[in-house]
Amino acid sequence: MASTCPNCGKRLHWYDVKAECSECGVSIPNFNWEERLEADNELAERKFATFYRALNRLAYSIYGTKIRIARIILSFVPAIGFLLPWATLNSDAKTVGLDLFGITSEISLIDILSDFFGNPGLYFSNISYEKYSGVLSFAMLAVLFMVLSLVFAVVAFFLILITAKHSKTKAMVIFDILSVASAIMSAVMITLTNGACQTQAAVNFGNFPMYNISANVSWGFYVALVLLLVATVMNGIVAKKPAKSDDELEAERLERKAKKEAKEHEKELQAEIERLEAQKQEELEQEQKVAKAKADLEARKNKNKG
């Protein structure tokens, strides 16, 4: 591709293979190399500054203050709530539970999801047969809102890391509120499920037949709701708290770096002092050995003369 000589501006063609310009004789690769080197250094410094700003922000967002440390922990803890039993559908045939591993039921949330994705047409047919307002319809909506609550909670947690450079953002609070609202809707759907049980004696829950059904919200839901609310409040508090500027964070980083370097330098000096002392001690011991050897030799000579 054609270009021009940086010195005289002569147009260069593909066949101009020499390093020197045919017009002015300047070395094109080495032209103005000092200024270009300085420009490269400035560019590298700007990139490092940008990198350190991002790193400072990320560290500050996670553990910059005590309240932020508490926030990151309390934003993760709600995950435990989704392992607990949120609701139970009891029947004379099977017991279905909205908990991950079936702590209080024969059929767990994993079993429900596995059965649903294995044959979704069966579920939609039964839901349609109920005209979208029966036991299975409301129960599956409860499952859907529970899953949505988990998704929103996970998004809120990762937004702490993703939006680290925006210390005052309320994005996490918004997703926490969506998570809480979804959890409440899940409980509402269970209540509607129980209401539908009064007029619907039997239902095929996918491949699981159930009859004489009753539904109730379990204790795990309330634990999960409290944990989600705490995470929401913590994110709200952090969003309202004053945040340090990039300059302050960089100054603190440089101060920590200087202290670390000073400590390492002090250790190096101490090691050098210890090395010199050990060397002196070794030289002293050597001198003492030589002096003793000379004294012994002199004593033997005197003895032989006597």
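Scroll up for the structure.
Presented here is an overview of the structure given in this document. (Residues numbered from 1 in each chain as written. Predicted model: local features only at pLDDT ≥ 70, side-chain atom pairs only at ≥ 80, totals over all residues. Heavy atoms only, no water.)

## As for unusual backbone geometry
Phi angles above zero are rare outside glycine, and Lys-131 is one such case at about 60 degrees. As for its placement among the helices and strands, Lys-131 is situated in the loop between α5 (120–129) and α6 (135–162). Judged by relative accessible area, Lys-131 falls into the exposed class, the value being 69%. (Helix = DSSP H or I, 4+ residues; strand = E, 2+ residues; numbered from the N terminus. Buried < 20%, exposed > 50% of the residue type's maximum accessible area, 1.4 Å probe, protein only.)

## Some details on the environment of Thr-199
Tracing the backbone through its elements, the reader meets Thr-199 in the loop between α7 (171–197) and β5 (202–205). Thr-199 sits in the exposed class, given a relative accessible area of 73%. The spacing of Thr-199 and Val-135 is 64 residues in sequence and 9.4 Å in space, taken between C-alpha atoms.

## What to know about the pattern of salt bridges
According to the stated counting rule, one finds five salt bridges in the structure shown. Between Arg-57 and Asp-246 there is a salt bridge; the shortest N-O distance is 2.9 Å. With Arg-57 in helix α1 (residues 33–63) and Asp-246 in helix α9 (residues 246–305), this residue pair connects regions lying 189 residues apart in the sequence. Two residues, Arg-275 and Glu-272, come together in a salt bridge whose shortest N-O distance is 2.6 Å. Placement of the pair is Arg-275 and Glu-272 together in helix α9, with a separation of three residues, close to one helical turn. On the basis of relative accessibility, which here comes to 35%, the residue Glu-272 falls in the partly exposed class. (Salt bridge = Lys/Arg side-chain N within 4 Å of Asp/Glu carboxyl O.)

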